[in-house]
Amino acid sequence: MPIHFSDRDVVSEVAGLSSVLIVPCYMCPAVTVSVREKKPFIQLFRSFLKSAPFDQYIKTLQSRLKEHGVKTRVFKSMPSHEWFMCMWTSGKRKKLQKYAEQYDAVIVLGCDSATETVREAIKSTDCKVIEGMEVAGIMNAQIRFHLPGNVSFENSKIVPISQIKQKEVALE
Ligand code: SF4
């Protein structure tokens, strides 16, 4: 199941900046927001392959940044095989580099692997990388399909990633 996130305070990170490119991973963060808000992840017949709760989350983030004088744009990832930032094609990474050159910073909505994708793609630019979300654990949930085409996650709980720490200790 997907990684679950909590939000980081990005407003303090953008102080003094005038423009930011928001780069969302459309998988785990979108599931996180849908679970947090207890809303369907996808409603095929209302917004096709767009997760409405995550879309609203990004719009709210943009409004908050605008209030602080920061201009934003969202780096889109369609079609759906581009949702997973940890598996972006080289073409997608090059496209990000081209876009990022026009901004002071990139806000990544995703995990450390998503951030690594961004750092690697824009390393030749002066763009600051800001992490907008923090890993809180792995989600355990029951996926449910409702007519007329809704996908939801129910009875969810967050499992800590304790095994990683144990493995790190074992490797030392
Ligand atoms: S980049 Fe991270 S957040 Fe996005 S799909 Fe991959 S594991 Fe999930």
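The structure this text deals with has already been given above.
Note that the structure is a prediction, hence the values are computed from the model and not measured.

**Topic: the sheet that holds strand E1 (residues 3–7)**
Pairing within the open sheet is antiparallel, and its 4 strands lie in the order E1-E7-E8-E3. Every other strand in the sheet has two partners, leaving E1 and strand E3 (42–43) as the edge strands with one partner each.

**A few points about the environment of Glu 134**
The topology assignment puts Glu 134 in strand E7 (residues 133–146). Each residue touching Glu 134, except ones within four places of it in the same chain, is listed here: His 4, Phe 5, Ser 6 and Arg 8.

**A short note on the pairing of strand E2 (residues 19–24)**
In terms of burial, E2 is a largely internal element, 6 of the 6 residues being buried. The alternating pattern of E2 places Ser 19, Leu 21 and Val 23 and Val 20, Ile 22 and Pro 24 on opposite faces, both of which are buried. Note: E2 against strand E4 (residues 71–74), 4 bridges, orientation parallel. When the bridges of E4 are listed, Ser 19 appears paired with Lys 71. One ladder, built from 5 bridges, connects E2 with strand E5 (residues 105–109); its direction is parallel. Bridging from a neighbouring strand, Leu 21 pairs with Val 106 of E5.

**Some words on the packing of helix H2 (residues 28–36) against helix H4 (residues 52–67)**
Closest axis-to-axis distance for the H2/H4 pair is 8 Å, and the angle between their directions is 95°. One finds that H2 runs roughly perpendicular with respect to H4. Contacts from Pro 29, Ala 30, Val 33, Ser 34 and Arg 36 in H2 reach Pro 53, Phe 54 and Tyr 57 in H4. For the contact of H2 with H4, the class distribution of residues is 6 nonpolar, 1 polar and 1 charged.

About the criteria used
Residues numbered from 1 in each chain as written. Predicted model: local features only at pLDDT ≥ 70, side-chain atom pairs only at ≥ 80, totals over all residues. Heavy atoms only, no water. Pairing = 2+ DSSP bridges. Helix = DSSP H or I, 4+ residues; strand = E, 2+ residues; numbered from the N terminus. Contact = heavy atoms within 4.5 Å. Buried < 20%, exposed > 50% of the residue type's maximum accessible area, 1.4 Å probe, protein only. Axes fitted to C-alpha atoms, helices over the stretch in contact; angles between N-to-C directions. Parallel < 35°, antiparallel > 145°, perpendicular 65-115°, else oblique. Nonpolar A, V, L, I, M, F, W, Y, C, P; charged D, E, K, R; others polar.

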